[in-house]
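Analysis of the macromolecular model
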Amino acid sequence: MLTIAIAKGRLQGEALALLSRAGVNLSAADLASRKLTVEDESRQYRMIFVKPSDVPVYVEHGIADCGVVGRDVVVESNADLLLPLDLQIARCKMIVATTSDGELMNGGMLRVATKYPRIATAYFGERGVPVEIIPLVGSVELAPVLGLADCIVDLMETGRTLRENGLRVVAEILDSSGRLVVNRAAYQLKSAAIANLVEVLSQALRNERHCGND
Amino acid sequence: MARRWLCLCVNSVFIVFANPLPVTRSQAAGFVLVESPMHLSRIPSGLRYYVGEAARQRRAVEDCAISVFSGWSYQEIDTPAVDYYSLFEQGMGPEAQSSFRFVDADARLLALRPDVTSSVARASATLLAETPRPLRLCYAASVFHQQPRTQAEWRRETTQLGCELIGAAGIAADVEPLLIVVETLNRLGLAGNYRITINNIDIFNGIADHLGLDRDSRERLRSLIDVRDTSALTELLTGLAVPEDERDLFVQVTRLSGKQGIIEAAKKVITNSRSNAALKSLEETWSVISGLGLAESFEIDLGDVSSLDYYTGLLFKVYVRGSGIRVGRGGRYDGLTSRFGRAEPATGFVLDLDELTRVVRPPEFTASRPSAAAVALAEDNVAAFREAMRRRAADERICLEL
């Protein structure tokens with residue numbers, strides 16, 4: 001049996017819908033329940049539901065063989081994982097945004113508020129920009145508005161939250177979407193089961209694209 | 001009689017008493033409780049104790065491995081635990097940066113050894129230069145990393161069980177270390193529960209040459225193959241003007257691991273001469289493995305491109321059921337000894353003792369031990385000690401009642 005860690009929240013619904021199209025179905029009772037671990041109807045898979053940032057942890061340690069989580073979370077975690085499949089769900093961008101009138105880099109130093117300190121540090125580091133990272137856990141958009149930071153590094157889906165808070169995008173850092181992530185040891189020790197999961201998911205994605213074109 | 005129970009948690013040691021002890025009793029038992037300052041009770045992250053059964057089991061795994069190595073005529077070598085940082089930098093490249101560093105009295109930079117192979121390679125080029133080849137050396141030695149490579153490999157001190165075969169080229173010298181790993185794992189009761197993946201790094205090098213990649217694109221190609229990121233790899237190859245059918249097959253053969261079929265598929269898409277020679281060598285290695293009836297435990301994994309600058313031919317990884325991280329790795333590193341002034345072919349491997357100890361089940365490999373015979377120290381200490389010594393001479397386990 002394969003254990004799949006699924007990120008709760010934004011991505012969970014789309015992930016379960018995709019798995020279902022790939023023939024991995026949860027019973028209605030399990031879907032409605034609040035259980036954190038459930039088996040699918042074929043009993044080939046056990047799903048565990050954890051916070052997005054915990055998915056790479058469970059998978060890297062091999063407690064879960066694979067996981068479904070956004071690329072943003074994988075990059076930020078710096079976990080040593082395999083990324084065999086882009087599931088093309090929960091698409092969004094990691095961006096740098098600042099207040100509409102704000103002039104970025106007017107001093108010698110940027111204050112950056114973010115939920116992604118590692119990504120932000122790497123992005124500005126590569127460009128030789130000195131930064132002070134201010135780690136926040138929510139409502140990051142508020143930071144430049146109230147003067148806590150000069151800019152933010154955050155995820156953007158539609159851009160609505162940014163606009164409504166008077167922020168504009170000044171740079172795009174990376175494209176994110178839901179990924180299938182796999183533990184390195186499980187990839188070898190359970191190679192047949194994982195190859196099968198990758199195959200049924202790829203097939204489901206191809207079918208979708210095909211339908212989309214019709 | 002006061003009894004102490006030691007109970008180990010991940011990073012901290014708690015001393016738990018069977019009963020709350022009145023001060024007088026603990027004093028009578030020979031110790032007094034004093035409050036220890038916080039900074040002394042804390043243990044640095046990534047380090048741990050092994051106590052009692054855990055320590056014994058770890059030792060048993062080590063003894064088992066060393067007995068196998070010695071059975072293949074590998075001589076033990078003990079290397080200094082502290083050496084010049086430049087040695088490790090020369091031997092390991094950028095990976096040496098993870099080591100604990102400090103300065104010597106003459107201000108030269110020292111490091112706690114982050115690997116053993118660098119030191120062995122230097123010794124083989126200097127101290128052991130005149131020793132007849134091939135050199136077969138083995139060790140069980142702790143190595144230290146200030147920053148663990150990944151979060152799952154949290155230990156900063158690990159013990160490597162390793163073999164180095166220096167001065168031998170060819171398929172036989174590639175296969176010997178693989179067979180030693182197989183025997184070690186089998187003797188540890190892990191038969192059927194492990195998988196060894198093999199690859200030849202020159203397949204990748206040939207492709208990178210063929211595509212005319214500069215250093216950055218080569219690293220990008222390597223890292224995408226390494227994490228099996230199919231979609232980004234497809235995109236990169238499209239950008240490099242690789243024809244569509246070749247591209248898709250290439251993505252396929254580097255994504256999946258498999259048996260002989262992987263080589264057949266790879267031959268169709270990989271045509272440059274450097275890669276072809278490497279594929280041929282890998283095929284020969286595979287035919288020896290399958291001829292020995294070991295194909296079940298092995299896979300060919302063309303996507304294993306983890307350490308490019310170290311290995312020069314065959315490379316392999318060892319995975320064991322029950323462990324989420326790789327338990328061992330090895331391969332051919334013909335370029336290493338030349339960095340110490342004497343170029344010669346070399347192969348070798350390391351297994352992670354701590355991770356192996358975690359996954360073995362003791363009864364399957366440990367000889368049963370006689371139960372402890374209590375020896376009372378009566379009025380006549382001499383007689384009691386004589387009895388204790390007699391039982392020890394008969395290899396019985398004893399426990400003096402003090």
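Quick caveat, the model's predicted, so the values are computed rather than measured.

1. Brief notes about the interface of chain A and chain B
- Chain A puts 19 residues into the contact, and the matching count from chain B is 20 residues.
- Elements with a minimum of two residues in the side of chain A that touches chain B: β5 (82-86), α8 (184-189) and α9 (191-213) of chain A.
- Within the side of chain A that touches chain B, the residues separate by chemical class into 10 nonpolar, five polar and four charged.

2. A closer look at the domain arrangement of chain B
- One can read the domain layout of chain B as domain 1 (194-320) and domain 2 (370-402).
- For domain 1 of chain B versus domain 2 of chain B, the separation of C-alpha centres amounts to 61 Å.

3. A word on the packing of helix α4 (residues 85-92) of chain B against helix α5 (residues 117-125) of chain B
All names here are of chain B.
- Where α4 meets α5, the axes come as close as 8 Å, and the angle between the chain directions of the two elements is 95°. As far as their axial angle goes, α5 and α4 are roughly perpendicular. For the pair α4 and α5, the contacting residues are L87, F88, Q90, G91 and M92 in the first and T117, S118, S119, A121 and R122 in the second.
- Split by residue class, the contact of α4 with α5 holds four nonpolar, five polar and one charged.

4. A look at the pairing of strand β11 (residues 314-320) of chain B
Residues and elements named next belong to chain B.
- β11 sits mainly inside the fold: seven of its seven residues count as buried.
- Judged by which residues are buried, β11 turns out to be covered on both faces: L314, F316, V318 and V320 on one side and L315, K317 and Y319 on the other are all buried.
- Taken together, the seven bridges between strand β9 (residues 194-200) and β11 define a ladder with antiparallel strand orientation. Pairing of N199 across the sheet is with L315, part of β11.
- Alignment of β11 against strand β12 (residues 328-332), held across four bridges, turns out to be antiparallel. Residue pairing across strands places L315 opposite G331, the latter belonging to β12.

5. Some words on helix α14 (residues 381-393) of chain B
Residue and element names in this part refer to chain B.
- Relative to the 18 Å expected for 13 residues at 1.5 Å per residue, α14 spans 18 Å between its end C-alpha atoms, a close match to the ideal helical length.
- The buried count for α14 comes to zero of 13 residues, which makes it a mostly uncovered element.
- Once α14 finishes, D395 follows within two positions and takes phi at roughly 65°, a positive value.

6. Re the nonpolar core
- C66 of chain A together with L351 of chain B are the most contacted members of the largest nonpolar core, which has 121 residues in total.
- Residue contributions to this core peak at eight residues, all from strand β7 (residues 135-144) of chain B.
- Excluding residues that lie within four positions of it along the chain, C66 of chain A makes contacts with L2, I4, V59, L180, V181, V182, N183, A186, I194 and L197 of chain A.
- Core analysis: the next-biggest nonpolar cluster, separate from the first, contains 19 residues, L110, Y116, V140 and I152 of chain A among them.

7. Details of the domain arrangement of chain A
- Domain annotation of chain A identifies domain 1 (2-90 + 177-213) and domain 2 (92-175).
- On the side of domain 2 of chain A, eight residues touch domain 1 of chain A, which itself brings six residues to the contact.

8. With respect to the sheet that holds strand β10 (residues 167-176) of chain A
All names here are of chain A.
- With mixed pairing, the five strands of this open sheet are ordered in space as β8-β7-β9-β6-β10. With one partner strand each, in any of the chains shown, β8 (131-135) and β10 form the two edges of the open sheet. With strand direction ignored, the average angle separating the axes of adjacent strands in the sheet is 25°.
- As defined by bridge partners, strand β6 (residues 92-99) adjoins β10 across eight bridges and the pair is classed as antiparallel. Considered in β10, the bridge of A97 is made with V169.

9. Topic: unusual backbone geometry
- With omega at -5°, the peptide bond leading from R133 of chain B into P134 of chain B counts as cis.
- With respect to the secondary-structure elements, P134 of chain B resides in the loop between α5 and β7.

10. A word on the sheet that holds strand β5 (residues 101-103) of chain B
Residue and element names in this part refer to chain B.
- Here three strands make up an open sheet; going across it, the order is β4-β6-β5 and the pairing antiparallel. Strand pairing shows two members of the sheet lacking a second neighbour, β4 (82-84) and β5, which therefore form its edges. Put simply, the sheet's adjacent strands are angled 40° from each other on average, direction ignored.
- Pairing between β4 and strand β6 (residues 109-112): three bridges, direction antiparallel. Bridging across to β6, V82 finds its partner in L112.

11. Structural notes on the environment of T99 of chain A
All names here are of chain A.
- Relative to the helices and strands, T99 is located in strand β6.
- Classification of T99 as partly exposed rests on a count of 17 C-beta atoms within 10 Å.
- Sequence spacing of T99 and E141 is 42 residues, and the spatial spacing of their C-alpha atoms is 9.3 Å.

12. Quick look at the environment of N193 of chain B
Residue and element names in this part refer to chain B.
- By the secondary structure assignment, N193 is in the loop between α6 (171-187) and β9.
- N193 gets classed as partly exposed once you count the C-beta atoms within 10 Å, which come to 18.
- Residue contacts for N193: discarding those within four places in its chain leaves V320 and R321.

13. Here's the deal with the confidence of the model for chain B
Residues and elements named next belong to chain B.
- When pLDDT is averaged along chain B, the result is 86; 87% of the residues meet or exceed 70.
- Residue range residues 1-23 is modelled with pLDDT below 50. Its contacts to residues more than four positions away, or to other chains, number 25 contacts.
- Scored as a complex, the prediction yields pTM 0.86 and ipTM 0.85.

So, how was this worked out
Residues numbered from 1 in each chain as written. Chains lettered and ligands numbered in written order. Predicted model: local features only at pLDDT ≥ 70, side-chain atom pairs only at ≥ 80, totals over all residues. Contact = placed C-beta atoms within 7 Å. Helix = DSSP H or I, 4+ residues; strand = E, 2+ residues; numbered from the N terminus. Nonpolar A, V, L, I, M, F, W, Y, C, P; charged D, E, K, R; others polar. Domains from an automatic or database assignment. Axes fitted to C-alpha atoms, helices over the stretch in contact; angles between N-to-C directions. Parallel < 35°, antiparallel > 145°, perpendicular 65-115°, else oblique. Buried ≥ 20, exposed ≤ 12 C-beta atoms within 10 Å, placed from the backbone. Pairing = 2+ DSSP bridges. Expected span 1.5 Å × (residues − 1). Core = buried A, V, L, I, M, F, W, Y, C linked by C-beta atoms within 7 Å. pLDDT = per-residue confidence, 0-100.

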